[in-house]
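# Architecture and fold: a report
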Amino acid sequence: MKHEKKIAIILLITVVVSCGIEDYPYLYPVPSGNITSESISSATIRLPNIEEDYFTHFTIYYRIYISTSLQTGRIDEGIMSTVNPSLDSDYRAFLPYINSETNISTSIGSLFSNRGYQTLILEGVDIDDVLSKSSFGKTIILDFIQTPGTMPALQDNTTRYHLRRSNGNGRFNPVPTDRYFLNAPELNSNNNASSTINADVANMSTTAQVRYTYVSMYIVVTGIDGNFSPIYSTPTFIGILCLPEPY
């Protein structure tokens, strides 16, 4: 009888192990040490090699925040609420997931979208292709040089791509219609910061004439599991950059 019980226990352990506990789809995040953002004008990301077969591409999530505060240096936790209270609130909502080994979920995409974050777009090319397996080992720069009229861009080893804002796959209609990351009056208007126009912009109740805009970004490793459902790593904070003036 004891021998039979031992066999049953061994079989149970074998079944549990073979039922996918070891094969649970997990994507390691981009290490925070791979990201450098010491100013409001650029962020540098060294993209790692992802060994998991589930990987499809890296995804960059962003949200724009209207502000009356001019910042010239790196924006850290201590001054986020000064820039825009929503920036501070969103950052603290994501904080438990950053570098977490327990808050791993297939709903990371919903976590961002529920707080008004959208996925970054490149002009003239699919960003998922640019940030696919072909990007392993590359260093990319999110360039927000503070020269009026100079469009922010993603620069990799060989090419410079202009950044464009999302329209939520047609769910809203951003203005200006060129959707560049420039601090245009239509973009920093509280009246346009709505779910049907600039859904990617967080407003700030103010009548101040001088208005600035800042973008907060996170990078997530994205993949597809065996059931063809999207899976995500935990997010890694990229930083907060200032949108240049349009002219």
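With glycine set apart, most residues show a phi of negative sign, and most peptide bonds adopt trans. Following Val175, the chain continues to Pro176 via a peptide bond in cis, the omega torsion being -10°. Take Pro176: it is sitting in the loop between strand S8 (160-164) and strand S9 (201-202). Notably, Asn169 is not glycine yet its phi reads approximately 55°, a positive angle. In this fold, Asn169 is placed in the loop between S8 and S9.

Ranked by internal contacts, the top residues of the largest apolar core, which has 37 residues, are Leu142 and Met217. Residue assignment for this core shows that the elements contributing at least two residues are strand S2 (42-46), strand S3 (55-67), helix H5 (127-130), strand S6 (139-143), S8, strand S10 (212-224) and strand S12 (236-242). A per-element tally of this core places S3 first, with six residues. If we skip the residues at most four places from it in the chain, Leu142 touches Ser41, Ser42, Ala43, Ile45, Leu120, Ala153, Leu154, Leu163, Met217, Ile238 and Leu241. If you look at the next biggest cluster of nonpolar residues, it comprises 23 residues, including Leu87, Tyr91, Tyr214 and Ile240.

Our focus in this paragraph is the pattern of salt bridges. Going through the model one piece at a time under the given rule, you end up with six salt bridges. Note that Asp90 and Arg63 form a salt bridge whose closest N and O atoms lie 2.8 Å from each other. With Asp90 in helix H3 (residues 85-94) and Arg63 in strand S3, this residue pair connects regions lying 27 residues apart in the sequence. A single burial state applies to Asp90 and to Arg63, both of which are buried. The salt bridge involving Arg92 is made with Asp88; its shortest N-O contact spans 3.1 Å. In this pair, Arg92 and Asp88 both sit in helix H3, four residues apart, roughly one turn of the helix. The partly exposed category is assigned to Arg92, whose relative accessible area is 44%.

Here we come to the packing of aromatic side chains. Summed over the entire model, instances satisfying the criterion amount to 15 aromatic pairs. On the numbers, 4.7 Å between centres and 85° between planes, the contact of Tyr26 with Tyr28 is edge-to-face. Each ring, one from Phe58 and one from Phe136, has its centre 6.3 Å from the other, and the planes form 75°; the classification is edge-to-face. Here Phe136 lies in the loop between H5 and S6 and Phe58 lies in strand S3, a separation of 78 residues in the sequence. Its relative accessible area of 1% is what places Phe58 among the buried residues. Among the residues examined, Phe136 registers a relative accessible area of 22% and is labelled partly exposed. An aromatic cluster of three or more residues is present, and its members are Tyr61, Tyr91, Phe94, Phe112, Tyr117, Tyr218 and Phe237.

Procedures and definitions
- Residues numbered from 1 in each chain as written.
- Predicted model: local features only at pLDDT ≥ 70, side-chain atom pairs only at ≥ 80, totals over all residues.
- Heavy atoms only, no water.
- Helix = DSSP H or I, 4+ residues; strand = E, 2+ residues; numbered from the N terminus.
- Core = buried A, V, L, I, M, F, W, Y, C linked by side-chain atoms within 4.5 Å.
- Buried < 20%, exposed > 50% of the residue type's maximum accessible area, 1.4 Å probe, protein only.
- Contact = heavy atoms within 4.5 Å.
- Salt bridge = Lys/Arg side-chain N within 4 Å of Asp/Glu carboxyl O.
- Phe/Tyr/Trp six-rings, centres within 6.5 Å; stacked < 30°, edge-to-face > 60°.

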